[in-house]
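Chain by chain, the residues run as shown.
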Amino acid sequence: MGRKDPRVDAYIEKSAVFARPILNHLREVVHAACPEVDETLKWGFPHFMHKGILCSMASFKQHCAFGFWKGTLLAEKHKGRAAIRETAMGEFGRITSLSDLPGEKALRRYVKDAVALNDAGVKLPRPKPKSGRSLRVPEDLQVALSKNRKARTIFEGFSPSHRREYVEWMTEAKTEATRRRRLETAVAWMAEGKVRNWKYLQK
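Model, not experiment: these values are computed from the prediction. (Residues numbered from 1 in each chain as written. Predicted model: local features only at pLDDT ≥ 70, side-chain atom pairs only at ≥ 80, totals over all residues. Heavy atoms only, no water.)

For the rest of this paragraph, the subject is the overall build of the protein. Per the secondary structure count, the protein includes eight helices and four strands. Overall, the protein shows an N-to-C arrangement of helices and strands of α-α-β-β-β-β-α-α-α-α-α-α. Counting every position in the protein, which comprises 203 residues, the buried fraction comes to 41%. Sequence-distant contacts, at least 24 apart, represent 61% of the contacts inside the protein between residues at least 6 apart. When the accessible surface of the protein is summed, it comes to about 12,500 Å², and 52% of that surface belongs to carbon and sulfur atoms. (Helix = DSSP H or I, 4+ residues; strand = E, 2+ residues; numbered from the N terminus. Buried < 20%, exposed > 50% of the residue type's maximum accessible area, 1.4 Å probe, protein only. Contact = heavy atoms within 4.5 Å. Areas by Shrake-Rupley, 256 points an atom, 1.4 Å probe, with all protein chains shown as cover.)

Written out as structure tokens, the structure is:
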């Protein structure tokens, strides 16, 4: 049998009134379709696990979201059936009431197909590398790295995607003060060998 996580109960209880029946319904459907499923919280919202991440749900101020970890593969399989679409977070768009979701039978089918993918060990296809997109390291980051040999060595050894994550984090700062704080944090993290999103890596 699967395992329910009391933190998910707390998450639902703290959600907006409109969201609670939606989240409870999604939870029941997932457990009915996969009795072995386990619950957990990842990145602050409920996830359902079965031989890896199966699906997740979340509530916001005015809508809910429900998505499958391998939603792109399910979208191909269910083309022409009840909509799986890539809008908002998840594959079912902005969910504001139960009527925004496919019927329970269709939802169970999605869950069972997601379970089958995990049972078979199917991996998500790796995204194709974007060609012709060179990475420009900001001057202030270059200067900071030149003063910290360990951080510079780690940064230069990162994959292009990990280097880009740090650069984009810097350049997306809205104020100069935020940028300075991010610069200091980035160099400190790199000196410890950490990628930008190290906090979210599965332990």
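There is more to say, and it comes next.
Glancing now at the pattern of salt bridges. Opposite charge on two side chains makes pairing possible when the charged atoms of those side chains draw close. Within the structure shown, the criterion is met by seven salt bridges. Where Asp119 meets Lys51, a salt bridge forms, and the shortest distance between an N and an O atom there is 3.1 Å. Pair noted here: Asp119 is in helix α4 (residues 104–119) and Lys51 is in the loop between β2 (45–49) and β3 (53–59), with a separation of 68 residues, a long-range link. With relative accessibility at 61%, the residue Lys51 sits in the exposed group. (Salt bridge = Lys/Arg side-chain N within 4 Å of Asp/Glu carboxyl O.)

This next bit is on the sheet that holds strand β4 (residues 64–68). If you walk across this open sheet you meet the four strands as β1-β2-β3-β4, and the pairing is antiparallel. Strand pairing shows two members of the sheet lacking a second neighbour, β1 (38–42) and β4, which therefore form its edges. Within the sheet, the average angular offset between the axes of one strand and its neighbour, ignoring direction, is 20°. Relative to β3, β2 runs antiparallel, the two sharing three bridges. Bridge pairing in β3 links Phe48 to Cys55. On top of the sheet, helix α1 (residues 6–14) reaches β1, β2 and β3; it is set at about 60° to β1, its chief contact. With respect to the sheet, helix α2 (residues 19–33) is in contact with β1, β2, β3 and β4, its orientation differing from that of β3 by roughly 170°. (Pairing = 2+ DSSP bridges. Axes fitted to C-alpha atoms, helices over the stretch in contact; angles between N-to-C directions.)

With that settled, the discussion passes to the side chain of Thr40. Position of Thr40 relative to the elements: it lies in strand β1. A distance of 3.3 Å separates polar atoms of two side chains, one belonging to Thr40 and the other to Arg7. Contacts of Thr40, omitting those with residues within four sequence positions, involve Asp5, Arg7, Val8, Phe45, Pro46, His47 and Met49. (Polar contact = N/O pair within 3.5 Å; in protein donor to acceptor, adjacent residues only side chain to side chain.)

By size, the foremost hydrophobic cluster in this structure holds 32 residues, and its most contacted members are Met57, Phe66, Phe68, Phe92, Leu107 and Val111. Contributing elements (two or more residues each) for this core: α1, α2, β2, β3, β4 and α4. Listed in part, the 18 residues of the second largest apolar core include Ala144, Leu145, Ala186 and Val195. (Core = buried A, V, L, I, M, F, W, Y, C linked by side-chain atoms within 4.5 Å.)

Glancing now at the pairing of β3. Within β3, seven of the seven residues are buried, leaving the element largely enclosed by the surrounding structure. Two successive antiparallel strands, β2 and β3, enclose a turn made up of three residues, where Lys51 displays a positive phi of approximately 55°. In this sheet, β4 lies alongside β3 in antiparallel orientation, the contact comprising five bridges. Within β4, the residue paired with Ser59 across the bridge is Cys64.

Moving on to the confidence of the model for the protein. Counting all residues, the mean pLDDT for the protein is 86, and 87% of those residues have values of 70 or more. Contacts from residues 80–88, a stretch scored under 50 in pLDDT, to residues over four places away or in other chains number 22 contacts. (pLDDT = per-residue confidence, 0-100.)

The subject of this paragraph is the packing of aromatic side chains. Tallied over the full model, the rule gives nine aromatic pairs. Consider the rings of Trp169 and Trp189, whose centres lie 5.6 Å apart with planes at 5°: the pair is stacked. You can see Trp169 sitting in helix α7 (residues 160–171) and its partner Trp189 sitting in helix α8 (residues 176–191), a full 20 residues away along the chain. The pair formed by Trp169 and Trp189 is uniform in burial state, with each residue classed as buried. Within the aromatic cluster, the residues linked to one another by ring pairs are Phe66, Phe68, Phe92 and Tyr110. Across from the ring centre of Trp198, 3.8 Å away, lies the NZ or CZ of Lys194, which sits over that ring. (Phe/Tyr/Trp six-rings, centres within 6.5 Å; stacked < 30°, edge-to-face > 60°. Lys NZ or Arg CZ within 6 Å of the ring centre and 35° of its normal.)

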